[in-house]
Amino acid sequence: MPKKYHIETKRIPPRLPKTGKFGIVDWREDCARCHNCVKKACVFDRYRQEMQFIRDLEEFSSMFFECMGCFSCVQKCTKGLLALTVNPEYERMGNGYYTPDIILTTWNQAETAGIPVSGAGYRGRFTGAGFDSMWTDMSEIVRPTRDGIHGREYISTAVDIGRKPGVLSFDDNGLATVLPPLVDVPVPVLIDMFPAEYRFPNLLPMLLTVARRTGTMMIVDWEEHELLGTYRTKYLSNIIFYVGKDAPLPPPEVLAKSRLIEIADGGDVEERIGRIKAVNPNLVVAVRVELDSRGEERSMELALSPVVEVIHIVSDINGNQIGVETPKFIKDMTRHIHTSLVKEGVRDEITIIAGGGIALAEHMAKEIICGADAVTINMPLLIGLECRLCSSCRDGFDCPVGIESITDEYGVGRMTNLIAVWHDQLIEVMGAMGMREARRLRGETGRALFFEDIEEETFGRLFGKRISA
Ligand code: SF4
Ligand code: SF4
């Protein structure tokens, strides 16, 4: 049996007090000093931790907001002195798409590498915008996939990136088809470049080390290759150099040793691919397509070209179509591209990588179900480093959490933990869907339910088609 894919993790504590959601307001004036005070019964031991927090306090501006909101002490206090409160600072975090809940769970996952467990049932809404209008069908668990979750069987999360032949032909000597080059990654998540306003040069070598440790790859703008220093040659097999529209190609010695390269879309894409292949025919070339008003159509055009191997479709960081008034969401655009290519009969020949708006592990699984072979991420890794998406860096101010001065051990450890726990969650969700192969999950919409479809089936006959979301 081949060696199982496994990522080593260890707990990396936060550097700063956590901006948690709930705190307890304790009106001590009327306290009856009960010998069996409800505070002692907190199953999460939060009152004792709070006392320690206050003893160790360095900044008077920080408060303890680590309560899990179970209401046990609030309901049981004989004098009704305890009240649950929501941290206003917590509610201000994020940017609308990256909600405070997403940020907090990402911090916890990057710290512990543990799968988040909300406990006491799901307390959120059952549908919403974006990925929240889609549910995975977790009723298909079967023995081999259940055992896969527990490590007794193997659930493969590996994917192949490159062009695949539509048919295989054989002659008397065996396989006659010349197989195109493929890059295999053990987990369907690659690290993308950060938007210019969130780029921290000190993170580049750390991200590359994370790519190396997790066996995945990282896209680096060729114009920034000097920031990699000695890492460039050491970790070249984990680097995907991105070459902008008017930027020159990397020198032949770099092309000759690379496995995957990404070029910006443009009128001369086929000619540039030809130039790259002339240097290294085994180098897989991806074309980066921005999902603007023409993005879907352009992706479909490119997919029909016999020289295009991989298309990397990219929305904005919130998963929205770029530069349009009423943007479509990444999952809907991916689904449209995927189903159109299935109808054209070419879907299996091309690899589609999708990026933008993948904020949680479940989004990765849902995006693959919608038709992507793999996804790219960037912002969740930054959030894993305790970023609050306050946008100070975007606006040219200092980062309040000091991303520029983090240590390698902290940065690499937390980002590795995050990819490891996303991998674990992908296995959980695939196991529950009865899937043993991430390759087979692609486009498997039979294992998902879409709110729009259910609404139409249920109410469409009565009220007609929904005209606005
Ligand atoms: S509400 Fe629950 S978690 Fe929070 S302090 Fe009280 S008992 Fe502990
Ligand atoms: S916390 Fe730092 S990295 Fe995150 S958005 Fe704010 S300034 Fe930028």
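Details of the structure are given in the entry above.
Conventions we followed
- Along each chain, the written sequence defines residue order, and numbers are assigned to residues from 1.
- Starting at A for chains and at 1 for ligands, labels are handed out in the order in which the entities are written.
- With pLDDT at 70 or above as the cut-off, local features in this predicted model cover only qualifying residues; side-chain atom pairs require 80 or more to be listed or tallied, and sums for whole chains, interfaces and linings still use all residues.
- Hydrogens and waters are ignored; side-chain quantities use all the structure's heavy atoms.
- Helix and strand definitions here come from DSSP, where helices need a minimum of 4 consecutive H or I residues and strands a minimum of 2 consecutive E residues; each element is numbered from the N-terminal end.
- C-alpha atoms define the radius of gyration in this analysis, and the globule rule sets the expected value at 2.2 Å times the number of residues to the power 0.38.
- Whether a residue is buried, partly exposed or exposed follows from its accessible area with a 1.4 Å probe, protein chains only, as a fraction of its type maximum: under 20%, in between, or over 50%, in that order.
- In this analysis, two residues are considered to be in contact whenever any of their non-hydrogen atoms come within 4.5 Å of each other.
- Only the protein chains shown count as cover for residues, with accessible areas throughout obtained via the Shrake-Rupley method and a probe of 1.4 Å.
- Residues counted as positive are Lys and Arg, residues counted as negative are Asp and Glu, and His and the chain ends are not counted.
- A single reference atom marks each charge: NZ on Lys, CZ on Arg, CG on Asp, CD on Glu.
- Only buried residues count toward a nonpolar core, which is a set of Ala, Val, Leu, Ile, Met, Phe, Trp, Tyr and Cys residues joined through side-chain atoms within 4.5 Å.
- The criterion for a residue being near a molecule or strand is simple. One of its heavy atoms has to lie within 4 Å of it.
- Throughout this entry, Asp, Glu, Lys and Arg are counted as charged residues, while Ala, Val, Leu, Ile, Met, Phe, Trp, Tyr, Cys and Pro are counted as nonpolar. The remaining residues, Gly among them, count as polar.
- The term salt bridge refers to a pairing of a side-chain nitrogen on Lys or Arg with a carboxyl oxygen on Asp or Glu at a separation within 4 Å.
- Patch membership requires over 30% relative accessible area and the absence of a salt bridge. Like charges are linked within 9 Å, and nonpolar side chains (Val, Leu, Ile, Met, Phe, Trp, Tyr) within 5 Å.
- Side-chain rings of Phe, Tyr and Trp, where Trp is taken by its six-membered ring, are said to pair if the distance between their centres is within 6.5 Å; with planes under 30 degrees apart they count as stacked, over 60 as edge-to-face, and otherwise as tilted.
- In this scheme, the term charge over a ring applies when either NZ of a lysine or CZ of an arginine sits within 6 Å of the ring centre and within 35 degrees of the ring normal.

1. Digging into the overall build of the chain
When helices and strands are tallied, the chain shows 16 helices and 16 strands. Rg of the C-alpha trace for the chain: 24 Å, near the compact-globule value of 23 Å for 469 residues, within the 12% margin. In the chain, which comprises 469 residues, the share counted as buried stands at 51%. Excluding contacts between residues fewer than 6 apart, the proportion of contacts in the chain whose partners are at least 24 apart in sequence is 70%. Counting only carbon and sulfur atoms, one obtains 53% of the accessible surface of the chain, whose full area is about 23700 Å². One way to put it: in the chain the 55 positive side-chain charges average out to a point 6 Å from where the 66 negative ones average out.

2. So, the nonpolar core
General note: in soluble globular proteins, nonpolar side chains tend to be found buried as a group. Grouped together as the largest cluster of nonpolar side chains are 124 residues, with contacts concentrated most on Leu203, Phe241, Met364, Leu382 and Ile403. A per-element tally of this core places helix α14 (residues 408-432) first, with 12 residues. Counting 11 residues, the second largest nonpolar core, distinct from the first, contains Phe22, Val38, Cys67 and Leu81.

3. Some words on the site of ligand 1
Taken together, Ile24, Cys42, Phe44, Tyr47, Cys67, Met68, Cys70, Phe71 and Cys73 make up the full set of residues adjacent to ligand 1. When its residues are assigned to classes, the shell around ligand 1 shows nine nonpolar, no polar and no charged.

4. Remarks on unusual backbone geometry
In terms of backbone geometry, most residues other than glycine have negative phi values and most peptide bonds are trans. One non-glycine residue, alanine 113, lies in the positive phi region at around 60°. Structurally, alanine 113 can be placed in the loop between α4 (100-112) and β3 (134-136). You will see that serine 391, though not glycine, has its phi angle at about 70°, which is positive. With respect to the helices and strands, serine 391 occurs in the loop between α13 (379-383) and α14. Taking relative accessible area as the criterion, serine 391 reaches 11% and is therefore assigned buried.

5. With respect to the site of ligand 2
Near ligand 2 lie 13 residues; those nearest to it are Cys387, Cys390, Ser391, Cys393 and Cys399. A class-by-class count of the residues in the shell around ligand 2 yields 10 nonpolar, two polar and one charged.

6. Brief notes about the side chain of arginine 288
As for its position among the elements, arginine 288 is in strand β12 (residues 284-290). Residue classification places arginine 288 among the buried positions, given a relative accessible area of 13%. Excluding anything up to four places from it in sequence, arginine 288 contacts Asp192, Met193, Ile219, Tyr242, Glu262, Ile263, Ala264, Asp265, His312 and Val314.

7. Details of the pattern of salt bridges
Under the criterion given, the structure shown has 27 salt bridges. Of the charged contacts, one joins aspartate 45 and arginine 48 as a salt bridge, the two residues approaching to 2.8 Å between their closest N and O atoms. Note that aspartate 332 is salt-bridged to lysine 331, the shortest N-O span being 3.1 Å. Taken together, the shared-partner salt bridges in this structure form one network comprising Asp265, Arg294, Glu297, Arg298 and Glu301.

8. Remarks on a nonpolar patch on the surface
A cluster of nonpolar side chains, Leu168, Phe170, Leu175 and Leu179, forms an exposed patch at the surface whose accessible area comes to about 420 Å². As for its position among the elements, leucine 168 is in the loop between β4 (159-162) and β5 (170-171). Overall, leucine 168 belongs to the partly exposed group, its relative accessible area being 47%.

9. A short note on the packing of aromatic side chains
Across all of its chains, the model carries seven aromatic pairs by this definition. Considering the side-chain rings of phenylalanine 53 and phenylalanine 64, the 5.4 Å spacing of their centres and the 55° angle between planes classify their relative orientation as tilted. Residue phenylalanine 53 is found in helix α1 (residues 46-55), and its partner phenylalanine 64 is found in the loop between α1 and α2 (72-76); the two are separated by 11 residues along the sequence. The residues phenylalanine 53 and phenylalanine 64 share a single accessibility class, namely buried. Judged by centre distance (6.1 Å) and plane angle (45°), the rings of tyrosine 97 and phenylalanine 329 are tilted. You can see tyrosine 97 sitting in the loop between α3 (88-91) and α4 and its partner phenylalanine 329 sitting in the loop between β13 (310-314) and α11 (330-344), a full 232 residues away along the chain. In this pair, the class of tyrosine 97 matches that of phenylalanine 329, namely buried. Over the face of the ring belonging to tyrosine 242 we find arginine 288, whose NZ or CZ atom lies 5.5 Å from the ring centre.

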